[in-house]
Amino acid sequence: MNYTILIADDEPEIRTLLRLYLENENYQIIEAENGKQALELLKKEHVDLCLLDIMMPEMGGREATRAIRAMNRPDAKSVLIMAMSANTLQEDIQENRNAGMNDHISKPISSDKLKKVLQECDLKA
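Notes on the structure follow. Fair warning: this is a prediction, and the values are worked out from it, not measured in the lab.

Remarks on the packing of helix α1 (residues 12-24) against helix α5 (residues 111-120)
Where α1 contacts α5, the axes come no closer than 11 Å and their chain directions differ by 55°. One finds that α1 runs oblique with respect to α5. The two elements α1 and α5 cross, and the hand of that crossing is right-handed. Residues L18, Y21 and L22 of α1 form the contact with α5, whose participating residues are S111, L114, K115 and L118. A breakdown of the residues in the contact of α1 with α5 according to their chemical character gives five nonpolar, one polar and one charged.

Here it is, written out as structure tokens:
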């Protein structure tokens with residue numbers, strides 16, 4: 001099965017590193033520079049997993065997650081959404097969950113961390 005992953009991060013280097021790893025593992029990738037772009041892409045595309053940076057211009061990851069969860073489409077409540085952030089305090093992670101995110105992956109993101117997340121999400125390419 002071919003899974004589609006949306007990467008939303010305002011840092012091009014992070015998007016590139018994630019894209020290269022994920023494409024190498026046979027995932028289809030969609031990229032956005034901020035949460036607002038991610039939301040627009042999700043209105044048109046089916047996505048299996050969203051990797052959303054918490055702090056982005058125009059719309060951060062939490063705000064984007066709330067908007068995604070409120071969308072009028074069947075998978076809006078169930079699409080997997082992972083926060084990406086260097087903030088790993090329990091309060092920050094809880095705020096992400098309160099916004100509707102499924103989990104948190106800490107930056108810097110290594111291929112091992114990403115592989116573990118994909119396994120936990122049951123998204124084996």
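That covers the picture; the talk isn't over yet.
What about the sheet that holds strand β4 (residues 80-85)?
Taken in spatial order, the five strands make up an open sheet running β2-β1-β3-β4-β5, and their pairing is parallel. Unpaired on one side and paired on the other, β2 (28-32) and β5 (103-106) mark the two borders of the sheet. On average, each strand axis in the sheet is inclined to that of its neighbour by 25°, with strand direction left out of account. Running over the sheet, helix α3 (residues 61-69) touches β3 (49-53) and β4 and is turned about 145° from β3. Along the sheet face, α5 touches β1 (4-8), β3, β4 and β5 and points at about 165° away from the line of β5.

Definitions and limits used
- Residues numbered from 1 in each chain as written.
- Predicted model: local features only at pLDDT ≥ 70, side-chain atom pairs only at ≥ 80, totals over all residues.
- Heavy atoms only, no water.
- Axes fitted to C-alpha atoms, helices over the stretch in contact; angles between N-to-C directions.
- Helix = DSSP H or I, 4+ residues; strand = E, 2+ residues; numbered from the N terminus.
- Parallel < 35°, antiparallel > 145°, perpendicular 65-115°, else oblique.
- Left-handed = near helix turned anticlockwise from the far one by under 90°.
- Contact = heavy atoms within 4.5 Å.
- Nonpolar A, V, L, I, M, F, W, Y, C, P; charged D, E, K, R; others polar.
- Pairing = 2+ DSSP bridges.

Purely geometric stuff here, so don't read any function into it on its own.
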